[in-house]
Amino acid sequence: EALLVCAVATHACSCAGHGVGIQDISKRDASLVYGVTTIAAVIAGASGQYLTGAALDATNNDFAPVLLTISAVQLAGLAAWWTWWDSSERVFE
């Protein structure tokens, strides 16, 4: 139960940061940037379902490789965000 609460809380913080981050990048083009990032998220979500099913079929329904892959992608994203994020500079304006 505590893990679920932590997961929901961190997701809420992530969503709040994403929305504000778009405004930090560009106030004038925020809707365009938000739309592009949403398209990328939809493509990743849709293909992720197919790839998860393919990985489970290939590993005889073993979730360990799937969860390890998810963890690796999340850690890579966190490392990239820490490396490149800078809200002090406007990119598009």
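Just so it is clear, the model here is predicted, and its values are computed rather than measured.

A word on the layout of surface pockets
- Estimated volume of the largest pocket: approximately 1200 Å³.
- Lining the largest pocket are 29 residues; nearest its centre among them are Ser14, Gln74, Gly77, Leu78 and Trp81.
- It is helix α3 (residues 64-84) that provides the largest number of residues to the lining of the largest pocket, a total of twelve residues.
- In the lining of the largest pocket, the residues fall into 16 nonpolar, twelve polar and one charged.
- Looking at the second largest pocket, its volume works out to about 190 Å³.
- Taken together, His18, Tyr34, Thr37, Thr38, Ala40, Ala41 and Ala44 make up the lining of the second largest pocket.
- Counted by class, the lining of the second largest pocket contains four nonpolar, three polar and no charged residues.

Section: the environment of His18
- Within the secondary structure, His18 sits in helix α1 (residues 2-25).
- The partly exposed category is assigned to His18, whose relative accessible area is 36%.
- Residues His18 and Tyr34, spaced 16 residues apart in sequence, show a C-alpha to C-alpha distance of 9.1 Å.
- Every residue in contact with His18, bar those within four places of it in the chain, is listed here: Tyr34 and Thr37.

Basis of the calculations
- Residues numbered from 1 in each chain as written.
- Predicted model: local features only at pLDDT ≥ 70, side-chain atom pairs only at ≥ 80, totals over all residues.
- Heavy atoms only, no water.
- 1 Å grid on protein atoms, 1.4 Å probe; cavity = no way out; pocket = protein on both sides within 12 Å on 5 of 7 lines; lining within 4 Å.
- Points joined across faces, edges and corners; volume = space filled by probe spheres on them.
- Helix = DSSP H or I, 4+ residues; strand = E, 2+ residues; numbered from the N terminus.
- Nonpolar A, V, L, I, M, F, W, Y, C, P; charged D, E, K, R; others polar.
- Buried < 20%, exposed > 50% of the residue type's maximum accessible area, 1.4 Å probe, protein only.
- Contact = heavy atoms within 4.5 Å.

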